[in-house]
Amino acid sequence: MQSGLAALDPNKAVLPIIALIGLVPVLLRYRRSSRLFVVGYVLLVLATVVTNVENLFLGTVLNYAEHYLGLMGSGLAFLFAAYVRRKQVLGDDEGSSEAADTDGPEVAADGGRPEP
């Protein structure tokens, strides 16, 4: 057992602890609209755990799992979360600008009134 623990790098061994501590506020602030962010963060936590376990057994397999599933998966989850959020924000802006166009006075692009 001690020889197995000696294979762990102390710098890498701290990463899962920090990631798990950081997971607490992420889960406390969980909202349905932020679930993709939570998925990305959980995949990062998984990658930090796997990077330590790969030193004990199944090194090559777990190395691929860490990089492709953990890190690349979290990047794709964050990318998709940003895309979905951007669509929500632009959808809200389009709805409010259409209402402003029909209800309010005309306004020039620089914020002033258009010239007749």
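Cut-offs applied
- Residues numbered from 1 in each chain as written.
- Predicted model: local features only at pLDDT ≥ 70, side-chain atom pairs only at ≥ 80, totals over all residues.
- Heavy atoms only, no water.
- Helix = DSSP H or I, 4+ residues; strand = E, 2+ residues; numbered from the N terminus.
- Expected span 1.5 Å × (residues − 1).
- Contact = heavy atoms within 4.5 Å.
- Phe/Tyr/Trp six-rings, centres within 6.5 Å; stacked < 30°, edge-to-face > 60°.
- Buried < 20%, exposed > 50% of the residue type's maximum accessible area, 1.4 Å probe, protein only.
- Axes fitted to C-alpha atoms, helices over the stretch in contact; angles between N-to-C directions.
- Parallel < 35°, antiparallel > 145°, perpendicular 65-115°, else oblique.
- Left-handed = near helix turned anticlockwise from the far one by under 90°.
- Core = buried A, V, L, I, M, F, W, Y, C linked by side-chain atoms within 4.5 Å.

In this model, helix α2 (residues 10–28) (19 residues) spans 29 Å end to end at C-alpha, consistent with the 27 Å of a helix rising 1.5 Å per residue. Residues of α2 that are buried make contact with α3 (35–53).

If you walk through the whole model with that rule in mind, you get 3 aromatic pairs. Aromatic pair F80 and Y83: ring centres 6.5 Å apart, planes at 25 degrees, arrangement stacked. Linking F80 with Y83, this pair stays in helix α4 (residues 59–103), spanning 3 residues, or about one helical turn. Given a relative accessible area of 46%, Y83 falls into the partly exposed group.

A word on the packing of α2 against α3. Close contact between α2 and α3 brings their axes to 8 Å; oriented N to C, the two are set at 160 degrees. Classified by the angle their axes make, α2 and α3 are roughly antiparallel. Relative to α3, α2 is oriented so that their crossing is left-handed. Counted together, K12, A13, L15, P16, I18, A19, L20, G22, L23, V26 and L27 of α2 and F37, V38, Y41, V42, V45, T48, V49, T51 and N52 of α3 form the full contact between these two elements.

Quick look at the nonpolar core now. In this structure, A19, L23, V26, V38, Y41 and V45 together form the largest nonpolar core, which totals 6 residues. Counting residues per element, the ones that place at least two in this core are α2 and α3. Those residues in contact with V38 that sit more than four places away from it in its chain are V26, L27 and Y30.

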